[in-house]
Every structure is written in C-alpha cells, then in structure tokens.
Amino acid sequence: MRADPPLDPTSPEARQWLEDELRRAMYHEQKGLLERLWDWLREVLGAAPGGGSLPPWSIWVAALVGLLVVGLVLARSLRAERRMTRGPRGGVLDGPTRTADEHRADARAALASGDHEAAVLEGYRALARAAVERTLLDDLPGRTAHEVALQLGPVFPAHAGRLASAADTFDAVRYGRRTASEATARAVVDLDDELATTRPVLPELPDAAVVVTP
C-alpha cells in the first residue's frame, strides 16, 4: 500500500483507509466530566461491579458532601477577593477633619496597646495631615496613600523610600485586611516623627516667597 504522496488509492484501499481512520478513539464519544466523577465515586465507595457492599445512596451522600466543601471554599475565596477589590478606595484623610496631633496621639496609643493595624493607619494619616498643615500638600479629598508618598518624596528625598514602604503598608492594612507587626507599625509612627522635624526641600520660586511652618 502506497503511503507517500501523491496518493492514488484504489477503491478498496480508500475504503480500508477510511475504516482505519474512523476506528481511532478521537472519533468516538468520550465520557463527560460528571460521568467520570460518578464512576470514580462508585469505585471509591465500592459500588462498582466487583466492589464492596456500601448502599448506592452513599454515593449521593459523598457527592453532596464534596460539592458542599467545594462550594464553601469558593465562597470564602470570593469573599476575600471582594474585600480586597470592592468599591472605590477612599483617600487617606477622607472623613471628619482631625489635626495631625490628634492622629499622632491615636497612633501612639494604638501602638502602646498592641493594636498595630490602627497604629499604621493613624500614623500615616498623621504624616499626611502634617504635610497639609505645613502647606506641603493641598487638602484635596480622595488622595491615596501612594499619591501622598509620591508628592512628599521629592520634598523629603532622604525619606522617599520609607514613604513608599509606609504607603504599601497602609494599603495592605486598610484594603487588604493584612495584619501588621509591631516593628512595621513602629516604622510608620517613627517616620511621622522624623518628618515632623525634617526641613523640606522645596523648589525655588523667584517671584514668590514660600512660608513653611517648621
């Protein structure tokens, strides 16, 4: 039988080739996923031919339990994802207006009591509000933690890296529902303390005087 092109089979050869091709498994209907799962459960529970003596209803019980477990896992995963992504993210200073000293006092109290997450949030709000009070930031609603870090980075170049890290921590705690360690919370609180006593680097404005509160 010739198998190299050009192919010019006789009628019996063509019929035989077609029959051989149609015998291949890819042309036969395969069991679906649910049917294969059903067969697997029957084998596991001994209900398949030659298996044990478990009653047939036990298969349904096992299948129901398995579906419930899968459903619970999926539901928890979806809830966790929604918590991280739901709704627009509010600004760092959205809400009732409070002074930097008030945020700072709350951050230190939270740190002393072991509430490290609150210490992170209040510590970062303290440094953001302090920047507004020193006219280093405009008091715009909706400003995110990373926007605060990006705008204060050039003003406090020696602290730019720590500002970005503190912004990441703020977002992780507030939106990602992450926990914070004592060291992480203290780093944010200490950063606020250092910025409060650091002289900002401002661009030169030849035609206007800039007054910055120390």
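Scroll up to find the structure this text is about.
Note that the structure is predicted; figures quoted are calculated from it, not measured. (Residues numbered from 1 in each chain as written. Predicted model: local features only at pLDDT ≥ 70, side-chain atom pairs only at ≥ 80, totals over all residues. Heavy atoms only, no water.)

> Any chance you could explain the overall build of the protein here in plain terms?
When you go through the protein residue by residue, the secondary structure sums to eight helices and zero strands. Sequence-ordered secondary structure for the protein, helices as α and strands as β, is α-α-α-α-α-α-α-α. Within the protein, the proportion of its 214 residues that are buried is 28%. Excluding contacts between residues fewer than 6 apart, the proportion of contacts in the protein whose partners are at least 24 apart in sequence is 62%. Of the roughly 14600 Å² that the protein leaves accessible, carbon and sulfur atoms contribute 60%. (Helix = DSSP H or I, 4+ residues; strand = E, 2+ residues; numbered from the N terminus. Buried < 20%, exposed > 50% of the residue type's maximum accessible area, 1.4 Å probe, protein only. Contact = heavy atoms within 4.5 Å. Areas by Shrake-Rupley, 256 points an atom, 1.4 Å probe, with all protein chains shown as cover.)

> Quick question: what am I supposed to make of the nonpolar core here?
Soluble globular proteins tend to pack their nonpolar side chains together in the buried interior. By size, the foremost hydrophobic cluster in this structure holds 32 residues, and its most contacted members are Val92, Tyr124, Leu127, Val148, Leu152 and Leu163. Going through the elements one at a time, helix 4 (100–113), helix 5 (116–133), helix 6 (145–152), helix 7 (160–174) and helix 8 (182–196) are the ones with two or more residues in this core. It is helix 5 that contributes the most residues to this core, eight residues altogether. Tyr124 has contacts with Val92, Ala145, Val148, Ala149, Leu163, Ala166, Ala167, Phe170 and Val188, leaving out every residue within four places of it along the chain. (Core = buried A, V, L, I, M, F, W, Y, C linked by side-chain atoms within 4.5 Å.)

> Can you help me understand the packing of helix 4 against helix 5 in this one?
For any two helices packed against each other, the geometry is given by the interaxial angle and the distance between the axes. At a minimum axis distance of 7 Å, the contact between helix 4 and helix 5 shows a crossing angle of 160°. Taken together, the axis directions place helix 4 and helix 5 in an arrangement best described as roughly antiparallel. Of the two elements, helix 4 crosses helix 5, and the hand of that crossing is left-handed. Between helix 4, through Ala100, His103, Arg104, Asp106, Ala107, Ala110 and Leu111, and helix 5, the contact on the second element is made entirely by His116, Ala118, Ala119, Glu122, Gly123, Arg125, Ala126, Arg129, Ala130 and Glu133. Residue composition of the contact of helix 4 with helix 5, grouped by class: eight nonpolar, three polar and six charged. (Axes fitted to C-alpha atoms, helices over the stretch in contact; angles between N-to-C directions. Parallel < 35°, antiparallel > 145°, perpendicular 65-115°, else oblique. Left-handed = near helix turned anticlockwise from the far one by under 90°. Nonpolar A, V, L, I, M, F, W, Y, C, P; charged D, E, K, R; others polar.)

> Sorry if this is basic, but what is going on with the pattern of salt bridges here?
It is possible for side chains bearing opposite charge to pair when their charged atoms get close. Overall, the coordinates contain nine salt bridges when judged by the stated rule. The salt bridge partner of Asp106 is Arg98, with a shortest N-O separation of 2.5 Å. Exposure remark for Asp106: the relative accessible area of 33% places this residue in the partly exposed category. The salt bridge involving Arg98 is made with Glu122; its shortest N-O contact spans 3.4 Å. Residue Arg98 is located in the loop between helix 3 (57–85) and helix 4, and its partner Glu122 is located in helix 5; the two are separated by 24 residues in the primary sequence. For Glu122, a relative accessible area of 13% puts it in the buried group. Shared partners join several salt bridges into a network, and the residues in it are Arg98, Asp106, Glu122 and Arg125. (Salt bridge = Lys/Arg side-chain N within 4 Å of Asp/Glu carboxyl O.)

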